Amino acid sequence: MRHTEFWSRLDAALGPAYSRTWAERLVMSELGGRTAQEALDAGVPPKEVWAVVWAVLELPPQDR
């Protein structure tokens, strides 16, 4: 998964007006106490970050 696909999926899940804010503010223990944005900036692969985001948001299986 590329960063662009990650952001596209997050935009689809939360809406483009809110997705970036959510990614910058919600700290997740599954990402080592980081936000999605911090994890991506630290080099965590977008696929791994998406797996955590998917679980936290309780998205349907087809969005995995």
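Scope of this entry: the structure provided in the associated data block.

Reading the values: rules and limits
Residues numbered from 1 in each chain as written. Predicted model: local features only at pLDDT ≥ 70, side-chain atom pairs only at ≥ 80, totals over all residues. Heavy atoms only, no water. Helix = DSSP H or I, 4+ residues; strand = E, 2+ residues; numbered from the N terminus. Buried < 20%, exposed > 50% of the residue type's maximum accessible area, 1.4 Å probe, protein only. Contact = heavy atoms within 4.5 Å. Areas by Shrake-Rupley, 256 points an atom, 1.4 Å probe, with all protein chains shown as cover. Lys, Arg positive; Asp, Glu negative; His and termini not counted. Charge placed at Lys NZ, Arg CZ, Asp CG, Glu CD.

What the chain contains, in helices and strands, is 4 helices and 0 strands. Traced from its N-terminal end to its C-terminal end, the chain shows the element sequence α-α-α-α. Taken over the C-alpha atoms alone, the chain extends approximately 25 × 25 × 20 Å along its principal axes. When burial is assessed residue by residue, the chain has 34% of its 64 residues classed as buried. Contacts spanning at least 24 positions in sequence make up 42% of the contacts within the chain whose residues lie at least 6 apart. Put simply, the chain shows about 4,000 Å² of open surface, and 49% of that area lies on carbon and sulfur atoms. Distance between charge centres in the chain, computed from 7 positive and 9 negative side chains, equals 5 Å.

Right, let's get into the environment of Val49. Mapped onto the secondary structure, Val49 falls in helix 4 (residues 46-57). Between the C-alpha atoms of Val49 and Phe6, which are 43 residues apart in sequence, the distance is 8.4 Å. Every residue in contact with Val49, bar those within four places of it in the chain, is listed here: Phe6, Leu31, Ala36, Ala39, Leu40 and Val44.

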